[in-house]
Amino acid sequence: MKTTIPLYSELFSREKKILLQNSQITVEGFKYNSGIEAIKISNQKGFITVLPFYGQIIWDAYFNGHSLKMKNMFSEPKCGTEIIDTYGCFSFHSGLIRNGCPAPEDNHPLHGEMPCAAMDKAWLEFEDNHVALCGEYEYVKGFGDHYLAQPKVILYADSSLFDIQMQVTNLASVEMPLQYMCHMNYCYEHGATFSQNIPDAAIKLRESIPAHVKPTPEWSAFNEKIKQGEYSLTRLENDELYNPEIVFFMDDLQQYQANLEYRMQSPDGHCYLTKFSSEQFNYATRWILYNADQQVGAFVLPATCRPEGYLAAQRSGTLIILAANETRHFSVTTGIE
């Protein structure tokens, strides 16, 4: 039997409170010092910490004794309007009418309007073997786009895998653009290896240079080696060469597999896993970054297009157009095997 519990800001305080509990799952609510509300959902394998009213960002994920998220500069989530204001999370919803790194001609923030959205509603759905944190955000502008975003994250009993979902409905009487990426900022582990059920030749180095990337001579030479086929980045080594970031694109995934699986095998024996459908996500990105402040091994970021901004997607024909009242659903399973 499913139990639904609405969430309100008044429920949260600096002290953790148990909101739900059974023999397998515990749900706690609390506030960070920044005033941002958080829900911690735990099972016997670990926990996720989600921000129910702040874009439904997954701030933390920890399973089987390992933190899944990137090394970053943030000790807690910070209030902001763009994702760079609080870039310390495990994952966020990138999009939805704009996505990715804006080109100079674009007029949207990095990764769009959804990451830091103030959610209109949040609630818990509790069943014997899983808990879902659900939310709704209505985006509406006079003389502009109008949609309903419904994110959801699901943790199952005795599982180190969890689901990240997003449903988008065009509420306008006219069509709207849609760009979406499930942006998971996985940890960096030196010596970890990548594998996936698509051909290696499908993984292409990004050749465009976004505004936030400041190339060094060493970085440019390393990129050229990859471009010429002299080096294949299948293992996290040569850490100092991943500053600034190294990015790979994987396009038109439906030609390879209906159900995609990507892994990052740790040298310590555990394996990070992400699974998704190429019908929902026909593109993917790999993002590697290593410096003293931030270290990321984002082995796959499922998406509906490349994260090069709105105009690039429009020019390439990869911009999804939602008809009036049309709904799209997206689902990713991720965690440690």
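See the structure shown above.
Now for a description of the structure that goes with this document.

## Considerations on the overall build of the protein
Inference 1: Of regular secondary structure, the protein possesses two helices and 22 strands.
Inference 2: Compactness check: the protein gives a C-alpha radius of gyration of 19 Å against a globular reference of 20 Å for 337 residues, within 12% of the reference.
Inference 3: Projecting the C-alpha coordinates of the protein onto the three principal axes gives extents of approximately 55 × 50 × 40 Å.
Inference 4: Taking all 337 residues of the protein together, 58% fall into the buried category.
Inference 5: Summarising the internal contacts of the protein: among those between residues at least 6 apart in sequence, 62% fall at separations of at least 24.
Inference 6: Per element, the accessible surface of the protein, about 14300 Å² overall, is 47% carbon and sulfur.
Inference 7: Looking at the protein, you have 26 positive and 40 negative side-chain charges, and the mean spots of the two groups are 2 Å apart.

## Examining the environment of Gly269
Inference 1: Within the secondary structure layout, Gly269 lies in the loop between β17 (259-265) and β18 (271-277).
Inference 2: Expressed as a C-alpha distance, the spacing of Gly269 and Ala192, which sit 77 residues apart in the sequence, is 9.5 Å.

## Observations regarding the pattern of salt bridges
Inference 1: Taken as a whole, this structure holds eleven salt bridges when the rule is applied.
Inference 2: In this structure, Glu224 engages Lys227 in a salt bridge whose closest nitrogen and oxygen atoms are separated by 3.5 Å. Taken together, the residues span about one helical turn, with Glu224 and Lys227 both in helix α1 (residues 217-227) at a distance of three residues.
Inference 3: One network of salt bridges, in which partners are shared, links Asp251, Arg306 and Glu308.

## Here's the deal with the sheet that holds β17
Inference 1: The strand order β1-β9-β10-β11-β12-β22-β18-β17-β14 describes an open sheet built from nine strands, whose pairing is antiparallel. The open sheet has two edge strands with one neighbour each: β1 (3-6) and β14 (193-196). The average angle at which neighbouring strand axes cross in this sheet is 15°, direction not considered.
Inference 2: Pairing between β14 and β17: four bridges, direction antiparallel. Across the sheet, residue Phe194 finds its bridge partner in β17, namely Met264.

## A look at the side chain of Asp163
Inference 1: Residue placement: Asp163 occurs in strand β12 (residues 161-170).
Inference 2: Within the structure, Asp163 has its side chain in polar contact with the side chain of Thr333 (distance 2.8 Å).
Inference 3: Discounting chain neighbours no more than four positions away, the residues touching Asp163 are Lys152, Val153, Ile154, Tyr156, Val332 and Thr333.

## Considerations on the pairing of strand β2 (residues 17-21)
Inference 1: Examined bridge by bridge, β2 and strand β3 (residues 26-31) share four bridges and lie antiparallel to one another. When the sheet's bridge partners are listed, Ile18 is paired in β3 with Glu28.
Inference 2: As consecutive antiparallel partners, β2 and β3 are separated by four residues.

## Things to note about the packing of aromatic side chains
Inference 1: Applying the stated criterion to the full structure yields 21 aromatic pairs.
Inference 2: An aromatic cluster of three or more residues is present, and its members are Phe63, Phe90, Phe162, Tyr186, Tyr272 and Phe299.
Inference 3: The cationic tip of Arg98 hangs over the ring face of Tyr310; the distance from NZ or CZ to the ring centre is 3.6 Å.
Inference 4: Positioned over the ring face of Phe194 is Arg286, at 4.3 Å from the centre of the ring.

## Some words on the layout of surface pockets
Inference 1: There is about 600 Å³ of room inside the largest pocket.
Inference 2: Forming the boundary of the largest pocket are 28 residues, of which Cys101, Leu110, His212, Glu245 and Trp287 lie nearest the centre.
Inference 3: If you list the elements that add at least two residues to the lining of the largest pocket, you get β13 (176-184), β16 (246-250) and β19 (283-290).
Inference 4: It is β19 that contributes the most residues to the lining of the largest pocket, three residues altogether.
Inference 5: Its residues placed into classes, the lining of the largest pocket shows 18 nonpolar, seven polar and three charged.
Inference 6: Lining the second largest pocket are 16 residues; nearest its centre among them are Asp200, Ile203, Ile226, Ser232 and Phe248.
Inference 7: For the lining of the second largest pocket, the secondary structure elements donating two or more residues are β14, β15 (203-205) and α1.
Inference 8: When its residues are assigned to classes, the lining of the second largest pocket shows eight nonpolar, three polar and five charged.

## Examining α1
Inference 1: Trp219, Phe222, Asn223 and Ile226 are the residues of α1 that are buried. Down the axis of α1, the buried side of the element spans an arc of 100°, and every buried residue falls inside it.
Inference 2: Of the residues flanking the end of α1, it is Gly229, one or two places downstream, whose phi is positive at about 80°.

## Topic: the nonpolar core
Grouped burial of nonpolar side chains is what soluble globular proteins tend to show.
Inference 1: Core analysis: the largest hydrophobic core is formed by 100 residues, its most contacted members being Ile48, Tyr147, Phe162, Leu233, Ile246 and Tyr262.
Inference 2: Residues contacting Leu233, with those up to four places away along its chain left out, are Phe194, Phe222, Ile226, Tyr242, Ile246 and Phe248.

Criteria and thresholds
- Residues numbered from 1 in each chain as written.
- Predicted model: local features only at pLDDT ≥ 70, side-chain atom pairs only at ≥ 80, totals over all residues.
- Heavy atoms only, no water.
- Helix = DSSP H or I, 4+ residues; strand = E, 2+ residues; numbered from the N terminus.
- Rg over C-alpha atoms; globule rule 2.2 N^0.38 Å.
- Buried < 20%, exposed > 50% of the residue type's maximum accessible area, 1.4 Å probe, protein only.
- Contact = heavy atoms within 4.5 Å.
- Areas by Shrake-Rupley, 256 points an atom, 1.4 Å probe, with all protein chains shown as cover.
- Lys, Arg positive; Asp, Glu negative; His and termini not counted.
- Charge placed at Lys NZ, Arg CZ, Asp CG, Glu CD.
- Salt bridge = Lys/Arg side-chain N within 4 Å of Asp/Glu carboxyl O.
- Pairing = 2+ DSSP bridges.
- Axes fitted to C-alpha atoms, helices over the stretch in contact; angles between N-to-C directions.
- Polar contact = N/O pair within 3.5 Å; in protein donor to acceptor, adjacent residues only side chain to side chain.
- Phe/Tyr/Trp six-rings, centres within 6.5 Å; stacked < 30°, edge-to-face > 60°.
- Lys NZ or Arg CZ within 6 Å of the ring centre and 35° of its normal.
- 1 Å grid on protein atoms, 1.4 Å probe; cavity = no way out; pocket = protein on both sides within 12 Å on 5 of 7 lines; lining within 4 Å.
- Points joined across faces, edges and corners; volume = space filled by probe spheres on them.
- Nonpolar A, V, L, I, M, F, W, Y, C, P; charged D, E, K, R; others polar.
- Arc of directions from axis to C-beta.
- Core = buried A, V, L, I, M, F, W, Y, C linked by side-chain atoms within 4.5 Å.

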